[in-house]
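Architecture and fold: a report
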Amino acid sequence: MRRVLAVLVSALVMAASLFANGGSEAPKASGSGTQKDVTLSVLWFNDGDESEVFKATMQDYLAQHPNIKLDMQIVAYSDYQQKLKMLISGGNPPDVARMSTGDLVALIDTALPLDGYTDVGKVKEEFMPSMLAYAYNREGKVVALPTEATANGMLVNKTAFKNAGIDIDAVSKSWTWADWEKVVKQVIAANPEMKYGLAVDFTPHRFSTILYQNGGHWLNADQTGMEFDNPGSVKMLQWFKRMHDENLIPKSVWLGSENPAELFQAGLVACHIGGSWNVNTYSKNIANFDWGCVRMPKADIRSSVPGGKLLASFKGCAHPQEAVDFMLAAADKQHSEAYDKATKNLGARNDSSIAYDSNTEDFAVFTDELKVTPAVTANEWKNPNFAKVATYAKEQIVQYLLGNIDVQTCVANVDKRGAQYFK
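**Remarks on empty space enclosed by the protein**
In the structure shown here, the tally under the stated rule is two cavities of 30 Å³ or more. If you add up the space inside the second largest cavity, you get close to 50 Å³. Forming the walls of the second largest cavity are Trp-44, Phe-54, Thr-57, Met-58, Thr-147, Glu-148, Ala-330, His-335 and Tyr-339. Residue assignment for the lining of the second largest cavity shows that the elements contributing at least two residues are helix H2 (50-57), strand E4 (144-150) and helix H17 (333-343). Grouping the amino acids of the lining of the second largest cavity by side-chain chemistry returns five nonpolar, three polar and one charged.

What follows is the structure, encoded as structure tokens:
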């Protein structure tokens, strides 16, 4: 933590020097220009040490706006949504809150639309469509600003590919899933200890990565009902079962309890469809082979599935204009890049370009996948009715993989169960 804060402080000192020497203007508030003293209430939860990083990152903004102070309350995530609901229902919402995508969905109607407080058209141009999709309320208004992103992608055992005489960095630039299948069979043959081609996390989220690539989807076009029974979803399910039947995907993950990350780290699987957070895990744990992130094979389209955190304000808060100005600064290129670098998250902006302390190229691959991900992926995953059927959908996929039901029964069962939530 001391090292992270030292780096941030150093960067902020350089920025302050730049401002002092006329290199750039300090950011100005987009509101009325008033300089009244304001204390912004900020509600926050930590996955690690994000609160300390965030405060350090925003020190230059606070120095340039001496009338703004922060009253930051850290709440355990297990209590976070309930705490936020109590503050809102009690008429005392925070000026700013850190929001997971799920929390924002649950409280979307109480979030403050940014219209009237800033140029929303400019905001829409700055962020990746798949990330900004989480920030729209039911009326299509932007009510939050993404500050950090996660994505799904492919991590590979580069040593295993090299042993098979394959330059994975070159091949992956243009490969398809059909290409992948041919190549990974060569990799397994060339590495006696390797048993499988691909591990996919036992979650509908990671499953959806390949689903969307194959033109599949869960919901209908206007998000008002289920539509898992579609050609793309059926095609993906049939492929997924064939991969299990041929042992290119280990049965022990989706039909057992094996951890796919552990399989990858043990050198038993050539590729892993996981999340961008796996980069941090693998950089610490893997020492006996070279690994890295590569572009996922293309099916009908290229796609990942986005996730992350956002900042939001709320209707009825004490200081809406100052809150929006502060959020805009936190989500701008300078501050978001410093924060995402220190927390090792992906940037959510179209212009994000982060030089991490390590694994910059790996994070860049995940970012590139996120940039081509369509907004429909977020629209489906932020739908609260879909969230209610996701676990059941996973159970039905398992039944199909086991051969207990056919593919049409699988998709029909999911649609039937999900339909009751959309009534």
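**Quick word on the environment of Tyr-61**
Note that Tyr-61 resides in helix H3 (residues 59-64). Separated by 50 residues in the primary sequence, Tyr-61 and Ala-111 have C-alpha atoms spaced 24 Å apart. Contact partners of Tyr-61, with chain neighbours within four places excluded, come to Asp-325, Phe-326, Ala-329 and His-335.

**Examining the packing of helix H12 (residues 231-245) against helix H21 (residues 407-419)**
Between H12 and H21, the shortest axis-to-axis distance is 10 Å and the interhelical angle comes to 125 degrees. Judged by the inter-axis angle, H12 sits oblique to H21. Crossing geometry of H12 relative to H21 is assigned as right-handed. Between H12, through Val-234, Leu-237 and Gln-238, and H21, the contact on the second element is made entirely by Val-407, Gln-408, Cys-410 and Val-411.

**Observations regarding helix H10 (residues 177-190)**
Here H10 is 14 residues long and its end C-alpha atoms lie 20 Å apart, about the 20 Å a rise of 1.5 Å per residue gives. Turning to H10, its buried residues number three or more, namely Trp-177, Trp-180, Glu-181, Val-183, Val-184, Val-187 and Ile-188.

**Quick notes on H12**
Compared with the 21 Å implied by 1.5 Å per residue over 15 residues, the 21 Å span of H12 between its first and last C-alpha is a close match. What H12 keeps buried is the set Gly-232, Ser-233, Val-234, Met-236, Leu-237, Trp-239, Phe-240, Lys-241, Met-243 and His-244. Summarising the contacts, the buried residues of H12 are in contact with H10, strand E6 (196-200), helix H11 (204-213), helix H13 (251-254), helix H20 (384-402) and H21. Backbone geometry just after H12 places Asn-247 at a positive phi near 65 degrees.

**Topic: the layout of surface pockets**
Here the second largest pocket defines a volume of roughly 460 Å³. Along the walls of the second largest pocket sit 20 residues, with Thr-101, Gly-102, Tyr-134, His-205 and Trp-381 positioned nearest its centre. Among the secondary structure elements, those contributing two or more residues to the lining of the second largest pocket are helix H5 (101-106), H11, strand E9 (307-312) and H20. Looking at the lining of the second largest pocket residue by residue, the classes come out as 10 nonpolar, seven polar and three charged.

**Here we look at the packing of aromatic side chains**
Across all of its chains, the model carries 22 aromatic pairs by this definition. Judged by centre distance (4.8 Å) and plane angle (70 degrees), the rings of Phe-45 and Tyr-80 are edge-to-face. In this pair, Phe-45 sits in the loop between strand E1 (38-44) and H2 while Tyr-80 sits in helix H4 (residues 77-89), placing the two residues 35 residues apart along the sequence. On the accessibility criterion, Phe-45 (1% relative accessible area) is buried. Judged by its relative accessible area of 0%, Tyr-80 is buried. Judged by centre distance (5.9 Å) and plane angle (50 degrees), the ring pair of Phe-207 and Trp-254 falls under tilted. Of this pair, Phe-207 sits in helix H11 while Trp-254 is found in helix H13, placing the two residues 47 residues apart along the sequence. Relative accessible area serves as the criterion here: at 0%, Phe-207 is assigned to the buried category. The positively charged end of Arg-417 is found above the aromatic ring belonging to Tyr-392, 3.9 Å away from the centroid.

**Thoughts on the nonpolar core**
Judged by nonpolar contacts, the single largest core of 130 residues is most densely connected at Met-154, Trp-180, Leu-198, Phe-207, Trp-218, Trp-239 and Phe-240. Counting residues per element, this core draws most heavily on H20, at nine residues. Not counting residues within four places of it along the chain, the set of residues in contact with Met-154 comprises Trp-175, Trp-177, Trp-180, Leu-198, Cys-271, His-272, Ile-273, Gly-292, Cys-293, Val-294, Met-296 and Pro-297.

Cut-offs applied
- Residues numbered from 1 in each chain as written.
- Predicted model: local features only at pLDDT ≥ 70, side-chain atom pairs only at ≥ 80, totals over all residues.
- Heavy atoms only, no water.
- 1 Å grid on protein atoms, 1.4 Å probe; cavity = no way out; pocket = protein on both sides within 12 Å on 5 of 7 lines; lining within 4 Å.
- Points joined across faces, edges and corners; volume = space filled by probe spheres on them.
- Helix = DSSP H or I, 4+ residues; strand = E, 2+ residues; numbered from the N terminus.
- Nonpolar A, V, L, I, M, F, W, Y, C, P; charged D, E, K, R; others polar.
- Contact = heavy atoms within 4.5 Å.
- Axes fitted to C-alpha atoms, helices over the stretch in contact; angles between N-to-C directions.
- Parallel < 35°, antiparallel > 145°, perpendicular 65-115°, else oblique.
- Left-handed = near helix turned anticlockwise from the far one by under 90°.
- Expected span 1.5 Å × (residues − 1).
- Buried < 20%, exposed > 50% of the residue type's maximum accessible area, 1.4 Å probe, protein only.
- Phe/Tyr/Trp six-rings, centres within 6.5 Å; stacked < 30°, edge-to-face > 60°.
- Lys NZ or Arg CZ within 6 Å of the ring centre and 35° of its normal.
- Core = buried A, V, L, I, M, F, W, Y, C linked by side-chain atoms within 4.5 Å.

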